[in-house]
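Residue strings, one per chain:
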Amino acid sequence: MSSSSSIAPLFRSTEEQLTPLTATVTGSIPEWLEGRYMRVGPGLFDLDDFTVNHWFDGFAVVYKFEISKNKVTFIKKYLQSDAYKKAMAAKRPVYTEFGTKAHSDVTKSIFSRVICSVIPELTDNCAVNIFTFNGQVFVSSESANIRQINPKTLETLDKIDLSKVGATLISSHFLTDSRGDMYTFATEIFTSASYTVIKVPASDSKNPFKKAKALCTFSPNNKGPSVYHSFAASDNYIVFIEQPLILNMLKLISATVKGRCLHECMEWQPHLLNTFYIIDKRTGKVLPTKYISTKPFFVCHHINCYEEDNQLVVDVIKYDTPDLFDKMFLNVVRQDKFDITNGGCVQQFVLPLLQPNQQVVDLIKYDTPDLFDKFDITNGGCVQQFVLPLLQPNQFVLPLLQPNQELTEGQNLVTVKSSATAEWREDTVHLTGHTLSEQRGYEQPCINPCYRGRKYRYFYASAMIDCGPLRNSLVKVDTATGSVQVWKESVTSYPGEPQFVPNPMGQSEEDGVLLVPVTNTDPAIDDSLVILDAATLKEIGRASITCHLPNLMHGLFISDK
């Protein structure tokens, strides 16, 4: 790999930009595009003579582009979490992180350190996702602690602990539905290994999480709970995919005492299959029909979830194995050894409802979760569709089949237009996916948010560090035709996760813009926020800045309109 296209600079520690920096704007910015574009991710990896092990372990940084009447300003701040503050004092992480073990907390007494080694505290290094609810902004990771931040100043505010509602680990993705209710998925570790769906009801409260509650709780299908990053939700259902990447409970509970990180507690068990759980949001009941995949796979991101013709459709980025995690250790990416050649593909799964109402779910699916470990992917995710028939009425009673619901062994229950199958065999629905596009190599998908939970056609994703032909690209995927449209600038330009902002006067799914953060590894070229026409991927405008734009995970746009 030539030095000009090295990915190593994407994984350096960043610096704060506390004074608003005025960007240089070229092209034009739509008059209706006014607001705040914010992102969060790991930004500080090096603490004096110590470097964390994994990209996920970097301490969180939040940045913001303020867009107003063709003027753009930029600020960037470290999240003032407990994890960050204590690490600054100890010059080591003091909480167990994904790839780095916990070190001694010099702010605690010896007695307190002993207690914490037996009952470990959870990190609040919320470097994974950023979301808004009830007009407030929050950042999250995979632990039960989330933090509120001030969207104007990026000041770190309250810490919210979700362990009181059955969470130890959570999906960092929180989904808000058309009713205004918000959900996430959680795993409880210390009292019993169980899954919990957490619901935060729509509210105008200043602290909406006070009303957070467990919608339902159920046990893992395997000996240990599954590792997951996201889940799917439609208007009426939540879909959770239990994967063969399992948490070893004994290792996890003793992680602090034994000096283990979270990654060392994960076990890939490919002899297992993926189990799909469907939860009725209205009743909190887990539907009793068993849905399993025909082959094991790993999923990081879901794209969308919607209902159509009494069926659930799920689109995912799918990996055969989870070795992606191994390729994202800093000693791998900082030496340009990210060389995955057979990454995720996009598949769609369909879950047919046999009663009057049906549903569809989209996600990004991987055959394995190795995305998290290695940064050498050359053949990334692809879109597939899976079909899962719901075998009970919308009343969500126990699955007692009606006389008109007689099923034949081997029957394919999929009725929507898809080559995905859902075969009824031995009282179980066996799922195979339909590949929506043969092009691979992209992740971090987004859609027009107006189509979230609805049937959609297009999604957008980043292929910034894929080692295949899409490297350095941003893509638009047509799920109807499988075609992929590409925007690419240069071998030193790395476009991150796109954010779709719909035109408030728009009439079509494609009517809007994409906000694309671009980090350039050529020091002579400024980093920038690029604005693309979502229909054509043509550049409309650009806001260039003279400071470092770090490679982060997820973002959001808050409109002033």
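The structure under discussion appears in the preceding block.
About the cut-offs
Residues numbered from 1 in each chain as written. Predicted model: local features only at pLDDT ≥ 70, side-chain atom pairs only at ≥ 80, totals over all residues. Heavy atoms only, no water. Helix = DSSP H or I, 4+ residues; strand = E, 2+ residues; numbered from the N terminus. Buried < 20%, exposed > 50% of the residue type's maximum accessible area, 1.4 Å probe, protein only. Contact = heavy atoms within 4.5 Å. Areas by Shrake-Rupley, 256 points an atom, 1.4 Å probe, with all protein chains shown as cover. Pairing = 2+ DSSP bridges. Axes fitted to C-alpha atoms, helices over the stretch in contact; angles between N-to-C directions. Phe/Tyr/Trp six-rings, centres within 6.5 Å; stacked < 30°, edge-to-face > 60°. Lys NZ or Arg CZ within 6 Å of the ring centre and 35° of its normal.

1. Side note on the overall build of the chain
Within the chain one finds five helices and 41 strands. A total of 561 residues make up the chain; the buried ones form 63% of that total. Within the chain, contacts between residues separated by at least 24 positions form 68% of all contacts whose residues are at least 6 apart in sequence. Carbon together with sulfur atoms contributes 50% to the accessible area of the chain, which is approximately 21,000 Å² in total.

2. Quick word on the sheet that holds strand β35 (residues 484-488)
Strand order across the open sheet formed by four strands is β32-β33-β34-β35, with antiparallel pairing between neighbours. In this open sheet, the two edge strands, each paired with only one partner strand, are β32 (443-446) and β35. Across the sheet, the mean angle separating the axes of adjacent strands is 25° when strand polarity is ignored. Examined bridge by bridge, strand β33 (residues 458-463) and strand β34 (residues 473-478) share six bridges and lie antiparallel to one another. Each residue of the ladder has a partner; that of Y458, found in β34, is D478.

3. As for helix α1 (residues 82-90)
Along α1, the residues that are buried comprise A83, Y84, K86, A87 and A90. Looking at the buried positions of α1, the neighbouring elements they touch are β3 (35-44), β4 (46-47), β6 (59-68) and β7 (71-78). Positioned one or two residues after α1, K91 has a phi angle of 60°, which is positive.

4. What to know about the packing of aromatic side chains
The tally for this structure, following the rule as stated, stands at 31 aromatic pairs. Both rings, one in F185 and one in Y195, keep their centres 5.6 Å apart while their planes meet at 50°; by these two values the pair is tilted. Within this pair, whereas F185 is found in strand β14 (residues 182-188), its partner Y195 is found in strand β15 (residues 194-200), the two being separated by 10 residues in sequence. Both residues of the pair, F185 and Y195, count as buried. The ring of Y451 has R454 sitting right over it, with the charged end atom 4.4 Å from the ring centre. Positioned above the aromatic ring of Y458 is the side chain of K476, whose terminal nitrogen or guanidinium carbon lies 4.5 Å from the ring centre.

5. A look at unusual backbone geometry
Positive phi, normally seen in glycine, also occurs at N134, with a value near 55°. You can see N134 is positioned in the loop between β8 (129-133) and β9 (136-140). The backbone phi angle of N472 is positive, close to 65°, even though this residue is not glycine. Of note, N472 is situated in the loop between β33 and β34. For N472, a relative accessible area of 3% gives the class buried.

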